[in-house]
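# Structural overview
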Amino acid sequence: MTDGAAAGPPPIRHNDHSPLTPPALGAWEPSLPVSVVIPARGGQHRLDLALAALAAQSYPAHLMEVIVVDDGSDPPLRLPEIAPPGARIEPAAPGGWGIAHAVNTGAARAGGEIVQRLDSDMVVCREHIEALARWHHLAGYVVAIGAKRFVEEPVLSPGEVHDAVRAGSLGEVFDLSAAQASSTEQTIARTNGLRTSRNPYHVCTGPTVSLRREVFHAVGGFDPAVLRGEDTEFAYRLAAHGVVFVPDMEAQAVHLGIPAQRLDRERAVRTVAPYLAQRVPLRRDLRKDPGRQWLVPYVEIVFRLGEDPDPGRVRAAVGAALSGSLPDVVVTLVAPWSKLSENRPGPDDPLFELRLLREHFAHDRRVRLTDEGDGITATGGTSAAGGVGGITVTPAPIPFRYTGPVSVPLGRDSLERMIAAMQDDRSGILVVDLGEDGPATLVRTEALGRALLLGAADVTASIEATHGVRHGARADFWPAKDRKDQKARKTESTGKPGKGPQGARAAQAARAEKAVQPEAAAQPGRAARPEKAAKTAETAQADKAAEAGKAAKTGQAASGGARPSARVPGRAASAAARRRNWRSLLRSTLRSD
């Protein structure tokens, strides 16, 4: 327990952190340095109390630094007389403001391997830092959450707080019997310490949270654009990264004052909602506006095209993906786009179709063109056994990634069906057998992130251990009606007549072309005529043929209805006119495509 994280931590199923057994408080030797980052704006007296409590911690003083980030206080904050030996006040970095910006400033200047984020109005118990830090000595992918209760701020001096914390009793200076419990602690208790929680990031709400510094930076830190709910949004990205959330009820603290959300809950919820709706796709309850696109999509859909893709199939697959029942998706087309030179292409350009597809999709904000060399080609790839191989990157913060063949467009609700199946058993990968077209996979980003955090050599085996791998049949996710529609789209893209209006139009055009081919072969040297003159001549000839046919019918009736043995000139002329009309129809059909 003295050399940092233990080697080879056991795999944790979902968020059941039971395999991790922390040492008893005071019965172990810490080795990892901790940087306590406190964002603050004004509130000098509360800050004095918070620093007085930190000056009495059981965690070794030489392994702890405290960075107070002054977010534009007027007058500027000062360091009080009672403070930890490693405490200092830093101004927020220029060019920003707010809690998120202040925390990022502190984390950027932190020297500890553990970053402990703490509010400036939190008074912590003596073992608070030690209790949370012990988890990071067990595993590097843990986010530890401290406990808190809300109290009305009494009249206290920093000296009184320091003495009470050092004696191990917050109850000496705070009336804990009147303290209000945090709603997050109720959730923690209901889910057996978050072990059974489906979305544990919900309780990671900021005032006291610790994590490894490299994990903080790996997810990009806090988002300064999120002015409300920045802690929840940050916790969501941590979840997508694959961390395990561990609450520690021995890390006690009191929060000075009653939070604003308890005074006006309706306003607090409305204030946070738009920020989370844009950035947390799992909050489906916040994405009910029809026709909307959101900052972070719900699913990334990946198609690999190769160097010579079938443009009809690609357009059909992308169109089906963007017109499904889930509107908040993004399509990633993986191909050797970097091979497309900006120089003038030759007449036999081998990348002709790829060049046209690039122009077709380059300006669609819901379609991304990713080169094969960007690492995504390995993401979500499946072997014959349905495994995921060679994965190097994740789609985070997008919670799901679908990878499938362009030859099988998604049905209207295929993605919804697949996600529902994965949410049912919380599996990490769903593999659907599409027969000769190959498998399709839906990967949960959180599970993929966990495998990468563990440094797993076999990603599929790791996900099987932490989340599970599920297999399904095509009929479960592509209903019969959708498969018929796909068949019609496939025949249209290959030029073969199929069913439905598109197939009928293709068949009509094919018959028209067949009808005009004999005439073209018989008169190869005939010069082209203006379209208007051609239509006039065809109309006149058709009228003449109709009159001849009428006369022939009249003659046939006069002769007792006997069918003439010779070919009737009127019928031949009428057939020629029909062939010319088919040619006009063919031209118009090709123009409409």
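Above: the structure in question.
First, a word on scope: everything that follows refers to the structure included in this document. (Residues numbered from 1 in each chain as written. Predicted model: local features only at pLDDT ≥ 70, side-chain atom pairs only at ≥ 80, totals over all residues. Heavy atoms only, no water.)

## Considering the sheet that holds strand S10 (residues 244-248)
Cut-off, in case you're wondering: Two strands qualify as a pair provided that DSSP identifies no fewer than 2 bridges between them. Each helix is a run of DSSP H or I of at least 4 residues and each strand a run of E of at least 2, with the numbering of both proceeding from the N terminus. As a rule, the C-alpha atoms of each element are fitted with a line to give its axis, helices using only the stretch in contact, and angles between N-to-C directions run from 0 to 180 degrees.
Pairing in this open sheet of seven strands is mixed, and the strands run S3-S2-S1-S4-S9-S6-S10 from one edge to the other. Looking at the sheet topology across the chains shown, the edges are occupied by strand S3 (87-91) and S10. Ignoring strand direction, the axes of neighbouring strands in this sheet form an average angle of 25°. Alignment of strand S6 (residues 142-146) against S10, held across five bridges, turns out to be parallel. Bridging from a neighbouring strand, Ile-145 pairs with Pro-247 of S10.

## Section: the sheet that holds strand S5 (residues 122-124)
Ordered by their spatial adjacency, four strands build an open sheet running S5-S11-S7-S8, and the pairing between neighbours is mixed. In this open sheet, the two strands that pair with only one neighbour each are S5 and strand S8 (180-181). Summarising the sheet, S5 and strand S11 (residues 253-256) pair through three bridges and their orientation is antiparallel. Bridging from a neighbouring strand, Val-124 pairs with Ala-253 of S11.

## As for unusual backbone geometry
Our working rule: When accessible area is computed with a 1.4 Å probe and restricted to protein chains, residues below 20% of their type maximum are described as buried, those above 50% as exposed, and intermediate ones as partly exposed.
Look at the link from Asp-74 to Pro-75: it is a cis peptide, with omega at 5°. Here Pro-75 shows up in the loop between strand S2 (64-70) and S3. Non-glycine residue Asn-192 carries a positive phi angle of around 55°. Within the element layout of this structure, Asn-192 appears in the loop between helix H5 (183-190) and strand S9 (208-212). For Arg-426, which is not a glycine, the phi torsion comes out positive at approximately 60°. Within the secondary structure layout, Arg-426 lies in the loop between helix H12 (414-425) and strand S16 (429-433). By relative accessible area, Arg-426 is classed as buried at 17%.

## Here we look at the environment of Leu-25
Applied cut-off: Should any heavy atoms of two residues lie within 4.5 Å, those residues are counted as being in contact.
As for its position among the elements, Leu-25 is in the segment before strand S1 (34-40). If we ignore the near neighbours within four places in the chain, the residues touching Leu-25 are Glu-127, Glu-130, Ala-131, Arg-134 and Glu-250.

## Notes on the nonpolar core
This is how it is decided: Joining through side-chain atoms within 4.5 Å is the link that ties buried Ala, Val, Leu, Ile, Met, Phe, Trp, Tyr and Cys residues into a set, and such a set is a nonpolar core.
One finds Val-36, Ile-38, Leu-54, Tyr-59, Val-123 and Phe-174 to be the most contacted residues of the largest nonpolar core, which totals 40 residues. Counting only elements with at least two residues in this core, the list comes to S1, helix H1 (44-54), S2, strand S4 (114-118), S5, helix H3 (128-136), helix H4 (158-166) and S11. In terms of residue count, H1 provides more of this core than any other element does, six residues in total. Val-36 has contacts with Leu-54, Met-64, Glu-65, Val-66, Ile-67, Gln-116, Leu-118 and Ile-129, leaving out every residue within four places of it along the chain. Listed in part, the 39 residues of the second largest apolar core include Phe-303, Leu-322, Leu-333 and Trp-478.

## Quick word on the pattern of salt bridges
Definition in use: Any carboxyl oxygen of Asp or Glu within 4 Å of a side-chain nitrogen of Lys or Arg constitutes a salt bridge here.
Under the counting rule described, the total for this entry stands at 26 salt bridges. Residue Arg-237 is joined to Glu-233 by a salt bridge in which the shortest nitrogen-to-oxygen separation is 2.7 Å. In this pair, Arg-237 and Glu-233 are both assigned in helix H7 (residues 230-241), four residues apart and thus about one turn of the helix distant. With relative accessibility at 12%, the residue Arg-237 sits in the buried group.

## Structural notes on the packing of aromatic side chains
The cut-off we apply is this: Pairing of aromatic rings covers Phe, Tyr and Trp, the last counted by its six-membered ring, and requires centre-to-centre distances within 6.5 Å; plane angles under 30 degrees mean stacked, over 60 mean edge-to-face, and any other angle means tilted. Whether a charge sits over a ring comes down to the Lys NZ or Arg CZ being within 6 Å of the ring centre and within 35 degrees of the ring normal.
Counting across every chain of the model gives five aromatic pairs. Between Phe-216 and Phe-234, the aromatic rings sit 5.4 Å apart at their centres with planes inclined by 55°, giving tilted as the arrangement. Pair noted here: Phe-216 is in helix H6 (residues 213-218) and Phe-234 is in helix H7, with a separation of 18 residues, a long-range link. Taken individually, Phe-216 and Phe-234 each receive the classification buried, so the pair is uniform in this respect. The interplanar angle of 20° and the centroid separation of 4.2 Å between the aromatic rings of Phe-222 and Phe-234 together place this pair among those described as stacked. Here Phe-222 is found in the loop between H6 and H7, whereas its partner Phe-234 is found in helix H7, with twelve residues between them in sequence. Taken individually, Phe-222 and Phe-234 each receive the classification buried, so the pair is uniform in this respect. An aromatic cluster of at least three residues, connected via ring pairs, comprises Phe-216, Phe-222 and Phe-234. Sitting above the plane of the Tyr-298 ring, Arg-284 keeps its charged end 3.8 Å from the centroid. It is Arg-292 that lies over the ring of Trp-294; its NZ or CZ is 4.2 Å from the centre.

## Regarding helix H11 (residues 352-361)
Note the following rule: To obtain the arc, one takes the directions from the helix axis to the C-beta atoms.
Listed in full, the buried residues belonging to H11 are Leu-354, Arg-355, Leu-357 and Phe-361. Each buried residue of H11 lies within a common arc of 165° when the element is viewed along its axis, so the set occupies one face. Where H11 is buried, its residues touch helix H10 (311-322), strand S13 (329-335) and strand S14 (367-371).

## Regarding the side chain of Gln-116
Selection criterion: Here a polar contact is taken to be a pair of N or O atoms separated by no more than 3.5 Å, where protein atoms must pair a possible hydrogen donor with a possible acceptor and residues adjacent in sequence count only if both atoms sit in side chains.
Locating Gln-116 in the fold gives a position in strand S4. With a relative accessible area of 1%, Gln-116 lands in the buried category. A polar contact of 3.2 Å, which involves the side chain of Gln-116, links it to the side chain of Thr-208.

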